[in-house]
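Per-entry structural report
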Amino acid sequence: MRTLIRNIKELIQVEETPRLKVCGKDMAEITTIKNAYLLIEDDKIIDFGTMEDIKKFNADKIVDASNRLVFPSFCDSHTHLVYSGSREIEYIDKIRGLSYEEIAERGGGILNSAKRLQETTEDELFEDAMKRLDEIIKMGTGAVEIKSGYGLNTESELKMLRVIKRLKEASPLTIKSNFLGAHAVPMDYRGRQSEFVDLVINDMIPQVAKENLADYIDVFCDKGFFTVEETDRILTAGAKYGMRPKIHANELDYSGGIQVAVKHNALSCDHLEFVGDAEIECLLGSETMPTVLPGAAFFLNMRLSPVRKMMEAGLPVAMASDFNPGSSPSGNMQTIISFACVNYRMTPQEAFNATTINSAYAMGISKTHGSIAKGKIANFYITKEIPNLEYMPYYYGTNKVERVFLNGVEY
Ligand code: NIG
Ligand code: FE
């Protein structure tokens, strides 16, 4: 099956020589082709170029994209989108002035979601998550990482991960799963945190590995959650089963989370509100993708990650939605690029690199996703009639995506 998209006003993020990630100053560059075509065969991109140079193609389907732009789909490398219920009451507590940590200490936050998740069946979780996937597909996401972490006991963590496995089979999205057993310490382990860490290591990890349920392993390594030593133990245990880390770090303090992530050759470390010279130094020369979550920083009204400083130091930066019921109840990557531009003063080009190729790297799929390149998976969207790339973050709050193709098939 061949599909030809023709008369594209501008084809964005084309790569003749695909890269695995884009670092530092290079993040300001995005290659585009004006008045372009894009040819796909089955699930792959096989050709692109300008309409002037178009050859005669036999295509089974022809799509006219006049006045419209074509972008590679967003890759959302950090979400918690399997969850039960919502937490708008805590949202009001936050508006009234309670901090994230104070809400957590009162049994709210992650523990609140864990209680509800434990009471919800696998089928219900699956149905709710499928609706969320449908929502993000329509907003331009083509690949998504989903974490466990609202189980907080072996049975419920396995339940979450089995749901993610079913989502992988049922959804056209490319999905990666991340085992986040150490997300918070459950109430009944208060004062016995090291015993909970033992449970994660001795019970959860072996069972998750046995059922082959996780592509990655995560820990919330931060003040009030898990220490560097505990993170080190958990990641060492995961490594025995081949689980590469992608962890939560430095959201609430200079927690040492970045250092322990790099020590374990994490694929990414995420949040990064607290990043100084030592953290930047540590990330430089590592294979770990610094990942910033602008939705959570906005929603919790937190200090902002020093993204400009990181890019000036030569680091790559990825951005993801953190879609979850507590700190970022939205998986809209179009809003994320608007936050990237306004709050972090990124250019639209930098914001697109952060949410496509670099976030693809942060979920281990940048060889096949994250740009328009020959041989890559045909995951892209056609916009509504819009003037240019810059209009995407500028005209914020509405969906500018008109048609979505995933694995070469129109959704
Ligand atoms: O990435 N920081 C830790 N975990 C989530 C929050 C989850 C929640 O509040 O339910 C996050 O923001
Ligand atoms: Fe998170």
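Predicted model, so just to flag it, every value in this text is computed and none were measured.

The rules behind each value
Residues numbered from 1 in each chain as written. Chains lettered and ligands numbered in written order. Predicted model: local features only at pLDDT ≥ 70, side-chain atom pairs only at ≥ 80, totals over all residues. Heavy atoms only, no water. Helix = DSSP H or I, 4+ residues; strand = E, 2+ residues; numbered from the N terminus. Rg over C-alpha atoms; globule rule 2.2 N^0.38 Å. Buried < 20%, exposed > 50% of the residue type's maximum accessible area, 1.4 Å probe, protein only. Areas by Shrake-Rupley, 256 points an atom, 1.4 Å probe, with all protein chains shown as cover. Salt bridge = Lys/Arg side-chain N within 4 Å of Asp/Glu carboxyl O. Patch = residues over 30% accessible without salt bridge, like charges linked within 9 Å, V, L, I, M, F, W, Y side chains within 5 Å. Pairing = 2+ DSSP bridges. Contact = heavy atoms within 4.5 Å. Axes fitted to C-alpha atoms, helices over the stretch in contact; angles between N-to-C directions. Near = heavy atom within 4 Å. Polar contact = N/O pair within 3.5 Å; in protein donor to acceptor, adjacent residues only side chain to side chain. Phe/Tyr/Trp six-rings, centres within 6.5 Å; stacked < 30°, edge-to-face > 60°. Lys NZ or Arg CZ within 6 Å of the ring centre and 35° of its normal. Right-handed = clockwise from strand over helix to strand, strands pointing away. Disulfide = S-S within 2.5 Å. Domains from an automatic or database assignment. Left-handed = near helix turned anticlockwise from the far one by under 90°.

Turning our eyes to something else, we now look at the overall build of the chain. When helices and strands are tallied, the chain shows 15 helices and 16 strands. Compactness check: the chain gives a C-alpha radius of gyration of 21 Å against a globular reference of 22 Å for 411 residues, within 12% of the reference. Referenced to the eigenvectors of the C-alpha coordinate spread, the extents of the chain come out at roughly 70 × 45 × 45 Å. When the 411 residues of the chain are sorted by exposure, 60% land in the buried category. For the chain, the exposed area adds up to about 16000 Å²; of that, 49% sits on carbon and sulfur atoms.

All chains considered together, the criterion is met by 27 salt bridges. When the shortest N-O distance is used, the salt bridge between Lys263 and Asp232 registers 3.0 Å. Linking Lys263 in helix H8 (residues 257–263) with Asp232 in helix H7 (residues 228–239), this pair joins segments that are 31 residues apart in sequence. Residues participating in the shared-partner salt-bridge network are Glu15, Arg19 and Lys376.

On the surface, Tyr91, Ile92 and Ile95 cluster together to form a nonpolar patch covering roughly 280 Å² of accessible area. Relative to the helices and strands, Tyr91 resides in helix H1 (residues 88–95).

Pairing in this open sheet of eight strands is parallel, and the strands run E6-E7-E8-E9-E10-E11-E12-E13 from one edge to the other. Looking at which strands have only one partner, the edges of the open sheet turn out to be strand E6 (74–76) and strand E13 (318–319). Across three bridges, the pairing between strand E8 (residues 174–182) and strand E9 (residues 216–221) is parallel. Bridging across to E9, Ala182 finds its partner in Val219. Lying on the sheet, helix H5 (residues 154–170) is in contact with strand E7 (141–147) and E8; it crosses E8 at an angle near 175°. Sitting on the sheet, H7 is in contact with E8, E9 and strand E10 (244–249), with an inclination near 175° to E9.

All right, on to the site of ligand 1 then. Taken together, 15 residues are adjacent to ligand 1, and Arg87, Tyr150, His183, Asp322 and Ser327 come closest. For ligand 1, an oxygen atom lies 3.0 Å from a polar atom in the side chain of His248. Between ligand 1 and the protein, one listed contact pairs a nitrogen atom with a side-chain N or O atom of Glu251 at 2.9 Å. Compared with its free state, where it exposes 330 Å², ligand 1 has 100% of that area covered by protein.

In this description, an aromatic ring pair is defined by two values, namely the gap between the centres and the angle between the planes. By the definition in use, this model includes 15 aromatic pairs. Among the aromatic residues, those joined into a cluster by ring pairs are Phe71, Phe74, Phe352 and Tyr381. The cationic tip of Arg192 hangs over the ring face of Tyr189; the distance from NZ or CZ to the ring centre is 4.7 Å. For the cation-ring pair, Arg303 lies above Phe274, with the distance from its terminal atom to the ring centre recorded as 3.9 Å.

Below, the discussion takes up the pairing of E8. Across the nine residues of E8, eight count as buried, placing the element largely inside the fold. For the crossover that starts at E8, traverses helix H6 (residues 193–210) and ends in the parallel E9, the hand is right-handed.

The next subject is the environment of Ile137. Within the element layout of this structure, Ile137 appears in helix H4 (residues 122–138). A relative accessible area of 1% places Ile137 in the buried class. In this structure, the C-alpha to C-alpha distance between Ile137 and Arg403, residues 266 residues apart in sequence, is 9.9 Å. Other than its neighbours up to four places away in sequence, Ile137 contacts Ser171, Pro172, Leu173, Val404, Leu406 and Tyr411.

Attention shifts here to the environment of Ala28. By secondary structure assignment, the location of Ala28 is in the loop between strand E1 (2–12) and strand E2 (32–41). Expressed as a C-alpha distance, the spacing of Ala28 and Asp215, which sit 187 residues apart in the sequence, is 31 Å. If near-sequence neighbours (up to four positions away) are discounted, Ala28 is found in contact with Gln349 and Glu350.

Enumeration over the complete set of coordinates arrives at zero disulfides. The thiol sulfur of Cys23 is not disulfide-bonded, and the nearest other cysteine sulfur, from Cys269, lies at 14 Å. Using a relative accessible area of 29% as the deciding quantity, one classes Cys23 as partly exposed. No disulfide involves Cys269; its sulfur sits 8.0 Å from the nearest other cysteine sulfur, which is in Cys282. We classify Cys269 as buried; its relative accessible area is 0%.

On domain assignment, one finds that the chain holds domain 1 (2–72 + 369–410) and domain 2 (74–361). The straight-line distance from the C-alpha centre of domain 1 to that of domain 2 is 29 Å. Across the contact, 33 residues belong to domain 1 and 36 residues belong to domain 2. Summed over the shared surface of domain 1 and domain 2, the number is zero salt bridges.

Here we take up the packing of H5 against H6. Taken N-terminus to C-terminus, the directions of H5 and H6 make an angle of 35°; their axes are 10 Å apart at the nearest point. Between H5 and H6 lies a crossing of right-handed hand. Taken together, the residues of H6 that come into contact with H5 (itself represented by Thr154, Glu157, Leu158 and Leu161) are Leu199, Asp203, Met204, Gln207 and Val208.

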